[in-house]
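The residues making up each chain are set out below.
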Amino acid sequence: MDKLILSLLIGLIAGIIDIIPMILQMLDKHSIVSAFLQYIFVSVIIINIDLPYVVWWLEGGLISLALSLPIVVLVSAKDKSSVPIILTMSIILGTLIGLAGHYWA
């Protein structure tokens, strides 16, 4: 399978996993779409990048965490209780994206 299509499919799955709790909590539509798109693009980056001196299984979590920091800064201005949740989901889903990309690519 083409690496780009694979990364988009993995991002689609990760995005759905991330937004399900947001939909159940009836959060703002813009926040839900933003989170979904975040994981679509994060998965493309994670699967198509190779960080030097970083082991493959750690790359996904690190990249996802780094790319979620601007969102955390914006969210923390209004809702500090969401910050740990966003960071935790970012690390977990980023690591899972990296693992899926490594084993399925």
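The coordinates are above.
Residues numbered from 1 in each chain as written. Predicted model: local features only at pLDDT ≥ 70, side-chain atom pairs only at ≥ 80, totals over all residues. Heavy atoms only, no water.

Trainee: Could you clarify how one ought to interpret the overall build of the protein in this entry?
Mentor: Scanning the protein from terminus to terminus reveals 4 helices and 0 strands. The linear arrangement of helices and strands in the protein, starting from the amino end, is α-α-α-α. Against the globule reference of 13 Å for 105 residues, the protein gives a C-alpha radius of gyration of 14 Å, in line with a compact fold. Each principal axis of the C-alpha atoms in the protein carries an extent, and together these give about 40 × 25 × 15 Å. A fraction of 64% describes how many contacts in the protein between residues 6 or more apart in sequence connect residues 24 or more apart. In the protein, 4 positive and 6 negative side-chain charges are present, and the distance between their average locations comes to 11 Å. (Helix = DSSP H or I, 4+ residues; strand = E, 2+ residues; numbered from the N terminus. Rg over C-alpha atoms; globule rule 2.2 N^0.38 Å. Contact = heavy atoms within 4.5 Å. Lys, Arg positive; Asp, Glu negative; His and termini not counted. Charge placed at Lys NZ, Arg CZ, Asp CG, Glu CD.)

Trainee: Where do I start with the environment of Ile47 in this structure?
Mentor: With respect to the helices, strands and loops of the structure, Ile47 is situated in helix H2 (residues 29–47). Sequence separation between Ile47 and Ile71 is 24 residues, and the spatial gap between their C-alpha atoms is 21 Å. With residues near it in sequence (within four places) discarded, Ile47 still touches Lys3, Ser7, Ile10, Ile97 and Gly101.

Trainee: What am I meant to see in unusual backbone geometry here?
Mentor: Peptide bonds are mostly trans, and most non-glycine residues show a negative phi. For Met26, which is not glycine, the phi dihedral falls at a positive 55°. Among the structural elements, Met26 can be located in the loop between helix H1 (3–24) and H2. Given the relative accessible area of 73%, Met26 is considered exposed. Located in the positive-phi region is Tyr53, a residue other than glycine, with phi close to 65°. Locating Tyr53 in the fold gives a position in the loop between H2 and helix H3 (56–76). (Buried < 20%, exposed > 50% of the residue type's maximum accessible area, 1.4 Å probe, protein only.)

Trainee: Help me out: how do you make sense of the packing of aromatic side chains in this one?
Mentor: Remark: the centre distance and the inter-plane angle together describe each pair of aromatic rings, the angle taken between the planes. This structure, assessed with the given rule, holds 1 aromatic pair. An angle of 90° between the planes, with centres 5.6 Å apart, marks the rings of Trp56 and Tyr103 as edge-to-face. One end of the pair, Trp56, is in helix H3; the other, Tyr103, is in helix H4 (residues 83–104), with 47 residues separating them in the sequence. With a relative accessible area of 34%, Trp56 lands in the partly exposed category. By relative accessible area, Tyr103 is classed as exposed at 58%. (Phe/Tyr/Trp six-rings, centres within 6.5 Å; stacked < 30°, edge-to-face > 60°.)

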